[in-house]
Amino acid sequence: MLRFLLARGCRPRPLPRAVRALYLALALLPTVAASQTVQADAPLSASALPPAVEAALQRAKVPREALSALVVPVDASQPPRLAHRADAAVNPASVMKLVTTYAALDLLGPAFTWDTPVYLDAAPQGGSLRGNVYIQGRGDPQLVVERLWLLLRRLRAMGIAVIQGDIVLDRGAFALPPHDPALFDGEPWRPYNAAPDALLINYKAVAMGFVPDAVAGVARVRYEPPLAGVELPASVPLAAPGTACGDWRAALRADFADAARIAFQGAYPAACGEREWSVAPADPGGYAARAVEGMWRELGGALTGRVRDGQVPAGLQPVFSNASPALSQVVRDINKHSNNVMTQQLLLTLGLHKGGAGRFDSARAVLDQWWRQRVGAADALVVDNGAGLSRDARLSARALARMLQQAWASPVMPEFVASLPIAGVDGTLRRRQGPATGFAHLKTGALRDVSALAGYVHAASGRRYVLVAVVNHPHAAAARPAMDALVDWTLGER
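Residues numbered from 1 in each chain as written. Predicted model: local features only at pLDDT ≥ 70, side-chain atom pairs only at ≥ 80, totals over all residues. Heavy atoms only, no water.

Peer 1: Mind showing me how you'd approach the overall build of the chain here?
Peer 2: In terms of regular secondary structure, the chain is built from 13 helices and 21 strands. Here the C-alpha coordinates of the chain stretch approximately 115 × 60 × 40 Å along the principal axes. Each of the 494 residues in the chain was classed as buried or not, and the buried ones make up 48%. Once local pairs closer than 6 in sequence are excluded, the contacts in the chain between residues at least 24 apart make up 69%. Looking at the chain as shown, the accessible area adds up to about 22,400 Å², and 54% of this sits on carbon and sulfur atoms. When the 51 basic and 40 acidic side-chain charges of the chain are each reduced to a single mean position, those positions are 10 Å apart. (Helix = DSSP H or I, 4+ residues; strand = E, 2+ residues; numbered from the N terminus. Buried < 20%, exposed > 50% of the residue type's maximum accessible area, 1.4 Å probe, protein only. Contact = heavy atoms within 4.5 Å. Areas by Shrake-Rupley, 256 points an atom, 1.4 Å probe, with all protein chains shown as cover. Lys, Arg positive; Asp, Glu negative; His and termini not counted. Charge placed at Lys NZ, Arg CZ, Asp CG, Glu CD.)

Right, here's the structure in full:
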């Protein structure tokens with residue numbers, strides 16, 4: 001009103017000081033509020049990136065065109081704060097696990113479990129079983145050493161000390177193509193190159209623990225699980241006194257090429273203290289048989305036959321079944337630690353339970369239909385094996401962000417978000433200390449020529465954002481500081 005009167009040339013009587021102050025505050029209020037809103041909410045244009053991100057990309061010698069990024073509120077009705085090449089189809093590396101794990105939670109439910117039933121074709125008598133034991137794999141991604149021990153210990157508790165027959169492993173739930181563990185990167189002993197299996201035991205890996213014994217001049221070596229028929233050296237010589245720990249794995253000069261033995265031709269530096277190394281031994285197809293027989297004999301059980309592949313006879317009923325942890329826990333282990341073979345098990349489980357067959361083509365069809373319903377047919381998804389361990393996998397930052405927005409609004413949001421690594425706290429982000437520590441749940445992804453990050457950021461303003469950033473470039477690994485800068489920029493909104 002005061003401004004209106006002045007505009008008309010009126011000269012009102014002087015007002016009391018308190019009233020004038022009130023008018024002035026009211027007059028300025030819209031201007032202040034408007035400036036605060038612009039500062040907090042105005043998104044950058046599609047071509048703009050925060051200066052810290054631009055600078056980090058330049059230092060990494062990565063062109064801005066190699067980055068796809070989107071920062072958008074978890075509320076799908078709100079515009080993005082930043083959108084840069086958000087519609088480009090890119091290789092997301094392990095960020096693809098977000099698609100597979102959310103789809104599994106949505107389609108199977110967080111309480112879903114896998115069963116591994118055990119059958120006998122004869123009744124135990126006097127500590128002996130004059131017949132066969134059948135163990136039927138149904139895709140459990142987490143049949144690790146401890147749970148295999150419990151399964152076989154339960155057989156022993158039934159009074160079986162001697163199996164006068166075979167232990168038969170039924171792996172028919174999945175129909176899988178031949179797998180070459182060296183094909184992806186030429187490193188077949190890396191556990192991340194393990195193939196899925198209906199009876200996946202301990203991720204087809206053996207964990208080797210090294211404990212220095214200075215008096216004896218050796219490092220004692222333990223193996224989990226014990227592998228029948230494999231020569232496993234009980235010790236390795238210690239390196240010369242004063243040798244730095246350094247690249248202790250290379251110093252061991254390990255040889256994993258022979259399925260019948262693991263050999264060390266080098267030495268172990270005592271300065272390393274106790275260390276553990278997980279590897280995938282040769283002949284992954286025979287791993288389950290070696291692990292089952294090795295564990296059975298370690299438990300004091302005897303076997304007159306052998307461990308072999310086969311099928312459960314029709315009509316035979318299980319004597320007990322070994323249940324897996326709930327899907328919510330499995331998804332947490334997958335995303336926190338970026339486990340590739342567990343993710344492939346999960347994808348094949350979708351094919352088995354929702355597509356009628358435990359095959360990759362069936363599983364991809366289930367996931368493609370789910371994606372079209374949730375995200376849209378226009379946003380193409382190339383899922384390949386579901387784990388991101390692929391040169392062919394593709395999606396766009398915008399499509400993934402849309403899925404993450406839907407996940408935030410879904411009934412399984414608590415289980416899904418809790419599965420993501422927390423910046424500076426755990427999982428693959430535990431070493432990324434900084435302003436975002438404790439304020440970002442983000443899945444990482446890394447391959448040769450790919451670096452990726454996607455998930456949720458809790459900004460200083462109290463708002464929560466979906467963040468997706470993917471670099472496809474030969475210098476992608478050097479671009480990680482640029483992604484950290486983008487997270488910090490998102491976090492800094494006030």
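Peer 1: Teacher, can you tell me more about the packing of helix α4 (residues 97-108) against helix α9 (residues 340-354) here?
Peer 2: For any two helices packed against each other, the geometry comes down to the angle between their axes and how far apart the axes lie. Running from N to C, α4 and α9 point in directions that differ by 40°, and their axes come no closer than 10 Å. When the axes of α4 and α9 are compared, the pair comes out oblique. The handedness of the crossing between α4 and α9 comes out as left-handed. Across the interface between the two elements, K97, T100, T101, A103, A104, L107 and L108 from α4 touch N340, T343, L346, L347, T349, L350, H353 and K354 from α9. (Axes fitted to C-alpha atoms, helices over the stretch in contact; angles between N-to-C directions. Parallel < 35°, antiparallel > 145°, perpendicular 65-115°, else oblique. Left-handed = near helix turned anticlockwise from the far one by under 90°.)

Peer 1: Explanation requested: helix α5 (residues 145-157) in the structure shown.
Peer 2: Given 3.6 residues per turn, any residue in an α-helix points the same way as the ones three and four places further on. In this model, α5 (13 residues) spans 18 Å end to end at C-alpha, consistent with the 18 Å of a helix rising 1.5 Å per residue. Those residues of α5 that sit buried are V145, R147, L148, L151, L152 and L155. The secondary structure elements touched by the buried residues of α5 are β4 (115-120), β6 (133-136), β10 (218-224), α7 (287-298) and β17 (320-323). Looking one or two places after α5, you find G159, whose phi comes out positive at around 95°. (Expected span 1.5 Å × (residues − 1).)

Peer 1: Looking at this structure, I do not really get the pairing of β17. What am I missing?
Peer 2: As a general feature of sheets, a regular strand has side chains that alternate between the two faces. Only one face of β17 is buried, namely the one carrying F320 and N322, since none of S321 and A323 on the opposite face is buried. In terms of strand pairing, β4 meets β17 through 4 bridges, oriented antiparallel. From the neighbouring strand, D115 faces β17, where its bridge partner is A323. (Pairing = 2+ DSSP bridges.)

Peer 1: Sorry, what's going on with the pairing of β4 here?
Peer 2: Of all 6 residues making up β4, 5 are buried, and the element is well covered by its neighbours. Where β4 and β6 come together, 3 bridges link them in antiparallel fashion. The partner of L120 across the bridge, within β6, is V133.

Peer 1: Would you take a moment to explain the state of the cysteines for this structure?
Peer 2: Cysteine pairs can be linked by a disulfide, which is a covalent bond between their two sulfur atoms. According to the stated counting rule, one finds 1 disulfide in the structure shown. Here C245 connects covalently by a disulfide to C272, the sulfurs 2.0 Å from one another. Judged by the torsion about the S-S bond (110°), the C245/C272 disulfide is right-handed. Of this pair, C245 sits in the loop between β11 (235-237) and α6 (248-252) while C272 sits in the loop between β13 (263-264) and β14 (275-279), and the two are 27 residues apart along the sequence. C272 matches C245 in its accessibility class, with the two residues each being buried. (Disulfide = S-S within 2.5 Å.)

Peer 1: Can you walk me through unusual backbone geometry in this structure?
Peer 2: E224 connects to P225 through a cis peptide bond whose omega is -5°. Note on placement: P225 falls in the loop between β10 and β11. Unusually for a residue other than glycine, K204 sits at a positive phi of about 60°. Relative to the helices and strands, K204 resides in the loop between β8 (167-170) and β9 (206-213). Backbone geometry places D283, a non-glycine residue, at a positive phi of 60°.

Peer 1: I'm lost on the pattern of salt bridges in this one. Help?
Peer 2: For side chains of opposite charge, pairing can occur when their charged atoms come near one another. Under the definition given, this model contains 21 salt bridges. The salt bridge involving D368 is made with R372; its shortest N-O contact spans 3.0 Å. Of this pair, D368 and R372 both sit in helix α10 (residues 360-374), separated by 4 residues, roughly a single helical turn. The class for D368 is partly exposed, based on a relative accessible area of 28%. You can call R372 partly exposed: its relative accessible area is 45%. When the shortest N-O distance is used, the salt bridge between D484 and R432 registers 3.0 Å. With a gap of 52 residues between them, D484 in helix α13 (residues 480-491) and R432 in the loop between α12 (413-418) and β19 (440-447) connect regions that are remote in the sequence. We classify D484 as partly exposed; its relative accessible area is 29%. Salt bridges sharing common partners tie together R171, D197, K204 and D309. (Salt bridge = Lys/Arg side-chain N within 4 Å of Asp/Glu carboxyl O.)

Peer 1: How should the packing of aromatic side chains be read in this particular structure?
Peer 2: To describe a pair of aromatic rings, one takes the distance between the centres and the angle between the planes. In total, this model carries 10 aromatic pairs according to the counting rule given. Ring centres of F210 and W248 lie 5.8 Å apart, and the angle between their planes is 70°; this geometry places the pair in the edge-to-face category. Placement of F210 in strand β9 and of W248 in helix α6 is noted, with a sequence separation of 38 residues between them. The buried category is assigned to F210, whose relative accessible area is 0%. In this structure W248 comes out as buried when scored by relative accessible area, which is 4%. Look at F256 and W277: their rings are 5.5 Å apart centre to centre, the planes differ by 80°, and that puts the pair in the edge-to-face class. A residue pair is termed long-range when its members are at least 10 positions apart, and F256 in the loop between β12 (254-255) and β13 and W277 in strand β14 qualify at 21 residues. The same class applies to F256 and to W277, which are both buried. Among the aromatic residues, those joined into a ring-pair cluster are F210, W248, F256, F264, Y268 and W277. Seen from the ring of Y465, R81 lies directly overhead, with NZ or CZ sitting 5.2 Å from the centre. Of note, R81 hangs over the ring of W489, and the distance from its end group to the ring centre comes to 4.0 Å. (Phe/Tyr/Trp six-rings, centres within 6.5 Å; stacked < 30°, edge-to-face > 60°. Lys NZ or Arg CZ within 6 Å of the ring centre and 35° of its normal.)

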